[in-house]
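Residues per chain, in single letters:
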Amino acid sequence: MTSTRRIVLARRPHGEPTDDDLVVETAELDPPAPGEALLETLYLSLDPYMRGRMSAAKSYAKPVPIGGTMVGATVSRVLECPGGEFEPGDLVLGYGGWQTRSVESVAQLTGLDANMGAASLPVSTALGVLGMPGFTAYAGLTEIGRPRPGETVVVAAATGPVGSAVGQIAQARGARAVGIAGGPEKVAYLRELGFAAAVDHRADDFVEQLEAATPDGIDVYFENVGGHVFDAVFPRLNTYARIPVCGLVAGYNDTEAPAGPDRLPRFMGLVLSRSITVRGFIQTEFADRLTDDFRRDMTAWVADGTVKFKEDVVEGFDHTRDAFRGLLTGRNFGKLVVKVVD
Ligand SMILES: NC(=O)c1ccc[n+]([C@@H]2O[C@H](COP(=O)([O-])OP(=O)(O)OC[C@H]3O[C@@H](n4cnc5c(N)ncnc54)[C@H](OP(=O)(O)O)[C@@H]3O)[C@@H](O)[C@H]2O)c1
């Protein structure tokens, strides 16, 4: 028997998840059976979608049951694998969740090269730029946003793993990427990444900054956040604008409808009169068709510097809950991962 420290959903949060909603406990793990592996978590990914898994509201995926371990992608080291599919010490991408050790089916695991191929990147990039968030940016932009050279692409949460890849891929395709982020430090980083313009949604003059940054209007709005950012963006959408709706993180902790007038009639009026396409997506929809293309393109772009990435590595499993709360309020700066074990 081996033990794991894990974070379980003790009750469904109302608003921001508290330490009484997400409880740390120690549990014994059964030894791995043939077809399974015992893993030690090295990096645990924290992603905004996890807030949805804490809620019982109907969604595209099942909620975590009360008493269940919080789900999530992990990079782990194999400790034992009775069937021999992996050797002890091998690194794998899995879905171990918020815990220090896990027993997983080998069918769910992908072997990782410690150097991430020839690129010599940190293995944690399998959770970020070379993993699910990078793929989300790639699929949503190329399949739905479809920016043409010279068009203006706006994305918020632009220093995060999805937004930063969206903006850089758009620039590489000859479009003009405008990034929206919270605070001057994040805005300065977007300029370093080569975004054509960057604006601060926390600034008093955010709406004026956005107007100045989008003199020709907006052709693609890659929707990551909703809220006051969307309110500022939608009047600036051009005829035939495309909106890949990827996420609405500004509202994930909301407990009631937003204040103010109902924006829907005005927005639908614009959708009609400007022939705007609004298309939601969950990245898994594109996995079968685009994963190979994504791996080829993104690996090359990261290697040649077309796409740069930033990780926010929080050291220690005990900081997981606080780090997750920060993700929903913009305290993270780059792809948020928890380093559980060296
Ligand atoms: N559809 C899919 O398949 C799919 C897959 C992956 C991710 N997503 C979605 O993609 C979005 C970005 O994910 P990510 O992993 O790249 O996250 P992220 O950018 O690392 O983190 C979320 C960021 O959202 C911003 N934010 C939070 N509250 C905000 C508010 N009220 N107004 C404006 N911005 C706010 C913060 O950045 P600032 O400090 O810059 O405001 C925060 O850092 C999320 O909505 C996520 O749910 C969707």
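Everything here concerns the structure above.
Sequence positions are assigned chain by chain, starting from 1 and proceeding in written order. In keeping with the model being predicted, local features are shown solely for residues with a pLDDT of at least 70 and side-chain atom pairs are shown and tallied solely at 80 or more, while totals for entire chains, interfaces and linings include all residues. The side-chain quantities take in all heavy atoms of the structure and omit both hydrogens and water.

Caption draft 1: Spotlight on the pairing of strand 13 (residues 277–280). When strand 12 (residues 237–245) meets strand 13, the two strands line up parallel, connected through four bridges. The residue bridging I243 from the neighbouring strand is V278, located in strand 13. On the question of chirality, the crossover connecting strand 12 to the parallel strand 13 by way of helix 7 (residues 264–273) is right-handed. Being paired, for any two strands, means DSSP has found at least two bridges between them. Counting from the N terminus, the helices are the DSSP runs of H or I reaching at least four residues and the strands are the DSSP runs of E reaching at least two. With strands facing away from the observer, any crossover in which the path from the first strand over the helix to the second runs clockwise is taken as right-handed.

Caption draft 2: Just the environment of T214, in detail. With respect to the helices and strands, the residue T214 is situated in the loop between helix 5 (206–213) and strand 11 (218–222). The classification of residues rests on relative accessible area computed with a 1.4 Å probe and restricted to protein chains. Under 20% of the type maximum is buried, over 50% is exposed, and intermediate values are partly exposed. Relative accessible area serves as the criterion here: at 0%, T214 is assigned to the buried category.

Caption draft 3: Structural context of the packing of aromatic side chains. Note on aromatic contacts: the rings of Phe and Tyr and the six-membered ring of Trp form a pair at centre separations within 6.5 Å, being stacked when their planes are under 30 degrees apart, edge-to-face when over 60 apart, and tilted otherwise. Under the counting rule described, the total for this entry stands at 11 aromatic pairs. With a centroid separation of 5.4 Å and an interplanar angle of 80°, the aromatic rings of F135 and F294 are classed as edge-to-face. Of this pair, F135 sits in helix 2 (residues 132–145) while F294 sits in helix 8 (residues 287–304); the two residues are 159 residues apart in sequence, bridging distant segments of the chain. Among the residues examined, F135 registers a relative accessible area of 5% and is labelled buried. Residue class for F294 comes out buried when judged on its relative accessible area of 4%. Their ring planes at 50° and their centres at 6.0 Å tell us that Y138 and W301 sit as a pair that is tilted. Remark: W301 occurs in helix 8 and Y138 occurs in helix 2; sequence separation between them is 163 residues.

Caption draft 4: Structural context of the sheet that holds strand 8 (residues 152–156). Strand order in the open sheet formed by six strands is 10-9-8-11-12-13, and the pairing between neighbours is parallel. On the outer flanks of this sheet lie strand 10 (197–200) and strand 13, each paired with one strand and no other. Put simply, the sheet's adjacent strands are angled 15° from each other on average, direction ignored. Judged from the four bridges that link them, strand 9 (residues 176–181) and strand 10 form a sheet pairing that is parallel. Axes here mean lines fitted to C-alpha atoms, for a helix over just the part in contact, with angles spanning 0 to 180 degrees between N-to-C directions.

Caption draft 5: Seen up close, the nonpolar core. Among the nonpolar cores identified, the biggest contains 48 residues, and L141, V166, I169 and M298 are the most heavily contacted of them. Of all the secondary-structure elements, those providing two or more residues to this core are strand 3 (36–45), helix 2, strand 8, helix 3 (161–172), strand 9, helix 4 (184–193), strand 11 and helix 8. The leading source of residues in this core is helix 2, at six residues. Both domains that meet at this core, namely domain 1 (2–128 + 310–339) and domain 2 (132–284), each give it at least three residues. Any pair of residues with heavy atoms lying within 4.5 Å of one another is described as a contacting pair. Not counting chain neighbours up to four residues away, the residues in contact with L141 comprise R146, P147, V153, V166, I169, A170, V220 and F222. Residues belong to a common nonpolar core when they are buried Ala, Val, Leu, Ile, Met, Phe, Trp, Tyr or Cys residues joined through side-chain atoms within 4.5 Å. By size, the runner-up hydrophobic cluster in this structure holds 45 residues, among which are M50, M54, V64 and L270. Residue ranges assigned to each domain were obtained from an automatic or database domain assignment.

Caption draft 6: Representation of the pattern of salt bridges within the structure. Salt bridge, as applied in this entry: a Lys or Arg side-chain nitrogen positioned within 4 Å of an Asp or Glu carboxyl oxygen. For the structure shown, the criterion picks out 16 salt bridges. The partner of R5 in a salt bridge is D318, and the shortest N-O contact between them spans 2.9 Å. Here D318 lies in the loop between strand 14 (311–315) and helix 9 (320–327) and R5 lies in strand 1 (residues 2–9), a separation of 313 residues in the sequence. In this structure R5 comes out as partly exposed when scored by relative accessible area, which is 33%. Note that R77 is salt-bridged to E40, the shortest N-O span being 3.0 Å. Residue R77 is located in strand 4 (residues 74–80), and its partner E40 is located in strand 3; the two are separated by 37 residues in the primary sequence. Given a relative accessible area of 14%, E40 falls into the buried group.

Caption draft 7: Region of interest: the site of the ligand. Every one of the 29 residues lining the ligand counts as a neighbour, but K186, H201, N224, Q283 and N332 are closest to it. The contact in question runs from an oxygen atom of the ligand to an N or O atom on the backbone of P161, over 3.4 Å. In protein, a polar contact means a hydrogen-donor-capable atom and an acceptor-capable atom, both N or O and within 3.5 Å, with residues adjacent in sequence counting only if both atoms are side-chain atoms; elsewhere, any N or O pair within 3.5 Å suffices. G182 places a main-chain nitrogen or oxygen 2.8 Å from an oxygen atom of the ligand. Protein contacts shield 93% of the accessible area of the ligand, which totals 920 Å² for the unbound molecule. For the shell around the ligand, the secondary structure elements donating two or more residues are helix 2, helix 3 and helix 6 (227–233). Here the residues of the shell around the ligand are counted per class, giving 17 nonpolar, 10 polar and two charged. In this structure, the shell around the ligand is formed jointly by two domains, domain 1 (2–128 + 310–339) and domain 2 (132–284), each of which donates at least three residues. A single heavy atom is enough: if one lies within 4 Å of a molecule or strand, its residue is considered near that molecule or strand. Accessibility throughout is a Shrake-Rupley quantity obtained with a 1.4 Å probe, and a residue counts as covered only by protein chains that appear here. Ten residue types, Ala, Val, Leu, Ile, Met, Phe, Trp, Tyr, Cys and Pro, are classed as nonpolar, four, Asp, Glu, Lys and Arg, as charged, and the remainder, Gly among them, as polar.

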